Amino acid sequence: MKRNNRIYIAIALICGVNLSSCNKFLDEMPDNRAKLDTEAKIDKLLVSAYPQTAYLVSAELSSDNVDDYGPTNPNGERFMEELFRWKEITDNQDEVPKDVWEACYTAIASANASLQAIEEMGNPSSLSPQRGEALAVRAYNHFILVNLFAQHYTKENAATDLGVTYMTEPEVVLDPKYQRNTVREVYDLLIKDLDEAIPLIDDSSFGSTPKYHMNSRAANALRARIALYMQDWEKAVSFSNAAIGVNPVSLQRNYARIAAEAVGTRGFPNGAISYNKSEEKSNLMVATAGTQHGVIFGPYSFGSRYSHGALLGDTETTMAAGPYGQLASTGYVLRAFVYAGTNLDKVLFPRVSYMFEYTDPVAGIGYARGAYAPFTTEETMLVRAEALIHLKRYNEAVVDMKRWVDNALVRPPATFNVATINTWANGINYSSARIPTAKKKLDPKMISFEAGTQENMLHALLFLRRVETLHMGLRWFDVKRYGIEVERRVLNSSGAVASVETETKLIARDKRAALQIPSEVIAAGLTPNPR
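Residue positions are given per chain, counting from 1 as you read along its sequence in written order. Owing to the predicted nature of the model, reporting of local features is limited to residues with pLDDT of at least 70; listing and counting of side-chain atom pairs is limited to 80 or more, with chain, interface and lining totals taken over all residues. Hydrogen atoms and water are omitted, and side-chain values are computed over all heavy atoms in the structure.

1. A closer look at the pairing of strand 8 (residues 353-360)
When strand 8 meets strand 9 (residues 365-376), the two strands line up antiparallel, connected through 7 bridges. Residue pairing for strand 9: Phe356 is matched across the bridge by Ala368. Paired strands are those between which DSSP finds at least two bridges. Where helices and strands are cited, they refer to DSSP runs of H or I of at least four residues and of E of at least two residues respectively, numbered from the N terminus. The hairpin turn running from strand 8 into strand 9, its antiparallel successor, is 4 residues long, and Gly364 in that turn takes a positive phi close to 70°.

Structure follows, in structure tokens:
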């Protein structure tokens, strides 16, 4: 039978919001599990196995994609400043890391309840697609958690670095005490779950809405990203191939269609809506979640103190002198939107659509939400290109990189190859806070590489990734992966560098790169991240 096609905005929680209170699990979980005795009920529960708070803002504000426009700009919140400066989060907003933690573990609880119900029903083959989806989304939620709240996976340190607790069963005891798995243990369990899940996933079981589920392309894209983060280059290539095919041109984003809809006074929000349409072939998966992303990284004053503005855009990202030349904002088929005014300096791509869910329309009360694509053809294509660079298969990597360039740019360069990339990378200096460029120093102790062509190719690849994933949080994980040092800048009202906070520079394997776990779970006995 076809699975339930409706994606509910409001999920039926199977546990309390605050994970530090384990009794809330026990209040409802046994009754809910006892009622999970049909395929339809399991389908409905799996809708809530996806995180209902997005990690995007927490990761993006932690990255080097934002500057501080100073205390004279009043449009900032405390949690933004705390994320920006890698401090302990004390602000109790709806989108702080604590909410991401709670959302992911709530979703994991739904996945585990579904898996237990399937097991209690005798694990019939008719429920294999549901089992595959539950395993895959369990892995996805843990992947978000381990990359936000732990150090990045390295072969030298993963066996001892604190990861997160990998939950594989529903709660069954009163007041359970948990231990954190190591980063390596978490990644091993991610692989175990996904390698079992992928053969079970059946996209036809999702009916007309496969993009709103962990479908086969998305699951393979996740597996490819995990392999990349573990420096398993060959598997990163093979799982990317499984996700998007060897030649994914037919799956690349239709920027011309999106650009045609991103016009008029509502050009930016319309562009974001168009960007995230499920019928867009590039979107391997579409998610909705609670997030203020659409306003923080949208054409509004809210959040404008911590922004991706003209200085970053002109020197490091969208309009910088990159490996395909230096472009104006209109040099991309889907242009970069430039906003300038009093306390407003933003250079943006429409990436996450904004919506508001009213809980009380009369009072105007509700929640900010967004739609976004966690996995895309372009990002997966660049995963493959990066792995190929590490395998020294440079010409193959350039094929994928050129596909990205040719599709994204209005006038792509006539020649884009290893030689032109070497010329570009050898011709620019490493970036510094006061004299920024598109090339940042990489730490070979984090991921080994050779000076010369391999390093140059990586700089070009990371530039493309930075533009492709701008505002989406993945740059933070690239900063952690390559040990890119970040010095925070405070800009003046004209957008120039007023000061550089050298004393708080983020370095490779900086303890602050692992966001602190919520104080509530620390109080309940879970080991905190070292500081």
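Back to the write-up after that little detour.
2. Quick notes on the confidence of the model for the chain
Each residue gets a pLDDT score, which is the predictor's confidence in that residue and runs from 0 to 100. Confidence in the prediction of the chain, expressed as mean pLDDT, is 93, and 93% of residues score 70 or more. Across residues 1-34, confidence stays below pLDDT 50; counting only partners more than four residues off in sequence or on other chains, it has 75 contacts. We call two residues contacting when some pair of their heavy atoms lies within 4.5 Å.

3. Focus on the nonpolar core
By size, the foremost hydrophobic cluster in this structure holds 152 residues, and its most contacted members are Tyr55, Tyr187, Met214, Tyr324, Met401 and Trp404. Take this core: its biggest share by element is 12 residues, from helix 6 (residues 128-149). When near neighbours in sequence (up to four residues on either side) are disregarded, Met214 contacts Tyr50, Glu133, Ala136, Val137, Tyr140, Ile201, Phe206, Ala219, Leu222, Met285 and Phe375. Joining through side-chain atoms within 4.5 Å is the link that ties buried Ala, Val, Leu, Ile, Met, Phe, Trp, Tyr and Cys residues into a set, and such a set is a nonpolar core. The buried label goes to any residue with under 20% of its type's maximum accessible area, the exposed label to any with over 50%, and the partly exposed label to all in between, with areas taken from a 1.4 Å probe on protein chains only.

4. Observations concerning the sheet that holds strand 2 (residues 283-290)
Across the sheet, 3 strands lie side by side as 2-9-8; this open sheet has antiparallel pairing. Edge strands, defined here as strands with exactly one partner in the open sheet, are strand 2 and strand 8. Taken over all neighbouring pairs, the strand axes of this sheet differ in orientation by 25° on average, direction set aside. The axes used here are C-alpha line fits, helices contributing only the stretch in contact, and every angle between their N-to-C directions lies in the interval 0 to 180 degrees.

5. Section: the pattern of salt bridges
Oppositely charged side chains are able to pair whenever their charged atoms sit close together. A side-chain nitrogen of Lys or Arg and a carboxyl oxygen of Asp or Glu constitute a salt bridge if their distance falls within 4 Å. With the rule as written, the count across this model stands at 39 salt bridges. Among the salt bridges present, the one from Lys392 reaches Glu450, with a minimum N-O distance of 2.5 Å. A residue pair is termed long-range when its members are at least 10 positions apart, and Lys392 in the loop between helix 14 (377-390) and helix 15 (394-408) and Glu450 in the loop between helix 16 (418-426) and helix 17 (453-468) qualify at 58 residues. Residue class for Lys392 comes out partly exposed when judged on its relative accessible area of 43%. Salt-bridge contacts for Arg393 lead to Glu396; the nearest nitrogen and oxygen are separated by 2.9 Å. Given a relative accessible area of 39%, Glu396 falls into the partly exposed group. One connected set of salt bridges, linked through shared partners, spans Asp64, Asp67, Glu316, Lys440, Arg466, Arg475 and Arg489.

6. Notes on the packing of aromatic side chains
Any two of the Phe, Tyr and Trp rings considered here, Trp counted by its six-membered ring, make a pair once their centres fall within 6.5 Å; the pair's planes then place it as stacked at under 30 degrees, edge-to-face at over 60, or tilted in between. Applying the stated criterion across every chain yields a total of 17 aromatic pairs. An angle of 25° between the planes, with centres 6.0 Å apart, marks the rings of Tyr55 and Phe477 as stacked. You can see Tyr55 sitting in the loop between helix 2 (39-46) and helix 3 (56-62) and its partner Phe477 sitting in helix 18 (residues 474-482), a full 422 residues away along the chain. Ring pairing ties together the aromatic residues Tyr324, Tyr332, Phe349, Trp404, Trp424 and Phe463, which thus form one cluster. Residue placement shows Lys439 over the ring face of Tyr430; its charged tip is 4.4 Å from the ring centre. The criterion is that NZ of a Lys, or CZ of an Arg, lies within 6 Å of the ring centre and within 35 degrees of the ring normal, and then a charge sits over that ring. A cation over an aromatic ring shows up here: Lys441 above the ring of Tyr430, its NZ or CZ 5.5 Å from the ring centre.

7. Here we look at the packing of helix 8 (residues 216-229) against helix 18
As a packed pair, helix 8 and helix 18 sit with axes 12 Å apart at the nearest point and diverge in direction by 25°. Here helix 18 runs roughly parallel to helix 8, going by the angle between their axes. Where helix 8 abuts helix 18, its residues Arg225, Leu228 and Tyr229 lie against Leu474, Phe477 and Arg481. Classification convention: Asp, Glu, Lys, Arg as charged; Ala, Val, Leu, Ile, Met, Phe, Trp, Tyr, Cys, Pro as nonpolar; all other residues, Gly among them, as polar. Across the contact of helix 8 with helix 18, the residue classes tally to 4 nonpolar, no polar and 2 charged. These descriptions rest on fixed angle ranges, namely under 35 degrees for roughly parallel, over 145 for roughly antiparallel, 65 to 115 for roughly perpendicular, and the rest for oblique.

8. A word on helix 18
Across the 9 residues that make up helix 18, a large majority, 9, are buried. Considered for burial, the residues of helix 18 that qualify are Leu474, Arg475, Trp476, Phe477, Asp478, Val479, Lys480, Arg481 and Tyr482. A positive backbone phi angle near 60° is found at Gly483, which sits one or two residues after helix 18.

9. Topic: the environment of Ile144
Checked against the element boundaries, Ile144 lands in helix 6. Looking at Ile144, the relative accessible area reads 5%, which means it is buried. Through-space distance from the C-alpha of Ile144 to that of Leu284 is 17 Å; in sequence the pair is 140 residues apart. The residues touching Ile144, leaving out its near neighbours within four places in the chain, are Pro51, Tyr55, Val100 and Cys104.

10. Comments concerning the pairing of strand 7 (residues 344-348)
Of all 5 residues in strand 7, 5 are buried, a share of seventy percent or more. Residues Leu344, Lys346 and Leu348 point to one face of strand 7 and Asp345 and Val347 to the other, with burial holding for every one of them. Across 5 bridges, strand 6 (residues 337-341) lies against strand 7 in antiparallel orientation. Each residue of the ladder has a partner; that of Ala340, found in strand 7, is Asp345.

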